[in-house]
Amino acid sequence: MNQSTLVKSLPIVAKALGRNMGVKVELDASHAWTDGNVIYLPSLPMQDPGVETLGLGYIIHEAGHIRYSDFSIDYEEFSPIVRKLIGIMEDIRMEKCIIRDYPGAFKKLSNLVQKLVQDGFFKNVTTDSSPAAILCGYVLHKGRSQMLGQTALNDHAKNSQAFLEGVMTPLTMTRINSVMARLSSAKNEGDIVKFAQEIAQILDEESNRSTPPQNSDQSQQQQAGNDSQVQDQIPDKNQSTGDSGEGQEQEDDDSQDDDGDTPSNQSESDESDDLLSGSSTSSNDDISDDNGDASNGYSSSSAGEMSQEEFDAALQFMKDILATTENDSSDLPGDISDAFEHLIENEIKEAANQRGNYAVSLAPTQIANLTSPGDHQQALDEAQAATAALRSRLVQLVQAQTKVKRKTSRNGRRLNERKLHRIKSGNLSVFKSTSRKKAVNTAVQVLLDRSYSMRSDMPVAARATLSLTAAMKKIPHLSVGSAMFPGYLDSSVTVLTRQNQTMDQTAGYYPLVEADGSTPLLPALSWSGDNLFAQKEERKMLFVVTDGVPDDMKDCIELVKNLRQGGIEVYGIGINVDKKMMSMLFGKEYVSMEHVGELAEATFALLEKTVLAA
């Protein structure tokens, strides 16, 4: 199970999802966008079902583009209608690839589409729709419904198909369906470019007929067979060199979602495990397989004879599609990315105004960027002098932990002469061997409360935190960082020492810490969890030094519980705090003291029981 699967903090899950899909997700951006390498999102609430559906779905969708789409293709050389068709069909191909490689993505993308249908992003084709909108609506709705099993679009697909069949010649409809049925065979975006060009070529050819084709049924069958070779006639200059989309497509005859048409807004733990771990064990039973048969979900209505008036109207309809301008194309259905900035901003506002789920910024500040340090060595020497005896005890514990244990075994290269007598009794354990307890690589985060109630004790607390951080930095296999909350400049935290920094670089900042503000522990916990999940060490530990009741007690209790379920050990260090409060927040995993002067002793005692207990 991925460590961050069970953490019900949307910011943590969003960033962990990106890491496990091989892309970077940055929060607290001014708006939602991607530069082709990083996915940017605005600040998110800790929990909200609507924002979760949009945010996680968007991350998966954009991660699919980053992983599978070809950004080297120059779209400017194509006509507006071809560009729009490429965008629609590439979304379908790309999402099928990401569902294949990350099975948990199926549910979240289906949830996203369900919400976009409810919010009116995917609009039904109507009598007011332009010819290009009818064609694009059919390709989008039918393709997503049929290829991706996104059943929320089933009715849209039936409606757009009925509209298109009512205004298109039967032969043209059959030829377009032949292209649609081959979408699942596309290996990369270069193939999608060919398919879009082929549809445009079909429209051009059919719109230039002078009379309705005779023997329509026979003509359609013959032309549908010939269309499978049309791709060879289209220039290959747009063929993508990437082959990331190639792979065995998944097969199933059932295109219905296991849960029906109403997706859950809750995070399903088993699907999240698959998604965050990248497991490919799921068969994705919800996705139907189109193996190139034009009758497989893309059949046209029976081809009857058309009157000359109907035929002329159909020709004009196709010419109007080909004549679509850049201005016209902006009103056509398209990429989810096109409207996401507006959709996510509205959803975040709705979450705050209607559900009380306010967005929280987790962007940290770095104290090194805000002020000039004092003397690093002097600060370090003063802190270490005050805790010399404790540090000596800690060193002894570290040595005891890694002490070599000598024993005899049944095999080896060196005989233990003092044990040779055992051979007479059949005991062959006469070889010398040594063993050392395997150290577990551990990432540690120390979180210091600098709220206003700490004002009189802040210098001592900061020095004790410096001593604690510096001492742990000396322990092998430990990666240690420290931060304080609330952060400077209204940030969630201000980082004092990063995991990859030495105390010689940061010790001079600790004496400068000043107390201010309330106790916003919730965003600080969330930031710490995300920071620890991003570390490569197997074991992860969080020490929270606090002297007051957090602003969001109930939510903090839930988040501490979820962090522990996700694999992070959370320990509380209370300073003159009611033990009942500490117990509610940290369970049995805490120490408390009446005065900050006891902090060093208490925290080192906690280290003995935790860090060195592995």
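Everything here concerns the structure above.
Residues numbered from 1 in each chain as written. Predicted model: local features only at pLDDT ≥ 70, side-chain atom pairs only at ≥ 80, totals over all residues. Heavy atoms only, no water.

1. Quick look at helix H2 (residues 49-68)
Because each turn of an α-helix spans 3.6 residues, side chains separated by three or four positions end up pointing in the same direction.
Next up, step 1: Helix length check: H2, at 20 residues, gives a terminal C-alpha distance of 28 Å against a target of 28 Å (1.5 Å per residue), a fit within 8%.
Next up, step 2: Of all the 20 residues making up H2, 18 are buried; the element is thus mostly covered by neighbouring parts of the structure.
Next up, step 3: A side-chain oxygen of the first residue of H2 lies 3.2 Å from the backbone nitrogen of Gly50; this N-cap is Asp48. (Helix = DSSP H or I, 4+ residues; strand = E, 2+ residues; numbered from the N terminus. Expected span 1.5 Å × (residues − 1). Buried < 20%, exposed > 50% of the residue type's maximum accessible area, 1.4 Å probe, protein only. Polar contact = N/O pair within 3.5 Å; in protein donor to acceptor, adjacent residues only side chain to side chain.)

2. Considerations on the sheet that holds strand S2 (residues 33-34)
Next up, step 1: On the basis of which strands lie adjacent, the open sheet formed by three strands has the order S1-S3-S2 and mixed pairing. Whereas interior strands pair on both sides, the edge strands pair on one side only; in this sheet they are strand S1 (24-26) and S2.
Next up, step 2: Where S2 lies against strand S3 (residues 38-40), two bridges are found, and the strand directions are antiparallel. Paired with Thr34 across the two strands is Ile39, which belongs to S3.
Next up, step 3: Packed on one face of the sheet, H2 meets S1, S2 and S3 and runs near 155° to S3. (Pairing = 2+ DSSP bridges. Contact = heavy atoms within 4.5 Å. Axes fitted to C-alpha atoms, helices over the stretch in contact; angles between N-to-C directions.)

3. Notes on the environment of Ala368
Next up, step 1: Tracing the chain through its elements places Ala368 in the loop between strand S6 (365-366) and helix H14 (376-386).
Next up, step 2: With a relative accessible area of 43%, Ala368 lands in the partly exposed category.
Next up, step 3: Distance from Ala368 to Tyr509, taken between C-alpha atoms, is 7.7 Å for residues 141 residues apart in sequence.

4. Things to note about the packing of helix H3 (residues 80-101) against helix H5 (residues 131-147)
Next up, step 1: Where H3 meets H5, the axes come as close as 10 Å, and the angle between the chain directions of the two elements is 10°. The pairing of H3 with H5 is recorded here as roughly parallel in orientation. Mapping the contact onto sequence places Ile81, Lys84, Leu85, Ile88, Met89, Asp91, Ile92, Glu95 and Lys96 in H3 and Ala132, Cys136, Val139, Leu140, Gly143, Arg144 and Met147 in H5.
Next up, step 2: Of the residues assigned to the contact of H3 with H5, the class counts are ten nonpolar, one polar and five charged. (Parallel < 35°, antiparallel > 145°, perpendicular 65-115°, else oblique. Nonpolar A, V, L, I, M, F, W, Y, C, P; charged D, E, K, R; others polar.)

5. Description of the sheet that holds strand S12 (residues 539-546)
Next up, step 1: If you walk across this open sheet you meet the seven strands as S6-S11-S10-S9-S12-S13-S14, and the pairing is mixed. At either end of the open sheet lies a strand with only one pairing partner, and these are S6 and strand S14 (590-593).
Next up, step 2: Taken together, the four bridges between strand S13 (residues 568-575) and S14 define a ladder with parallel strand orientation. Looking across to S14, one finds that Ile575 is bridged to Met593.
Next up, step 3: The strands touched by helix H16 (residues 458-473) are strand S9 (442-449), strand S10 (478-485) and strand S11 (494-497); relative to S9, the strand with the most contacts, the crossing angle is about 175°.
Next up, step 4: Packed on one face of the sheet, helix H21 (residues 599-609) meets S12, S13 and S14 and runs near 160° to S13.

All we've got here are geometric facts, nothing functional implied.
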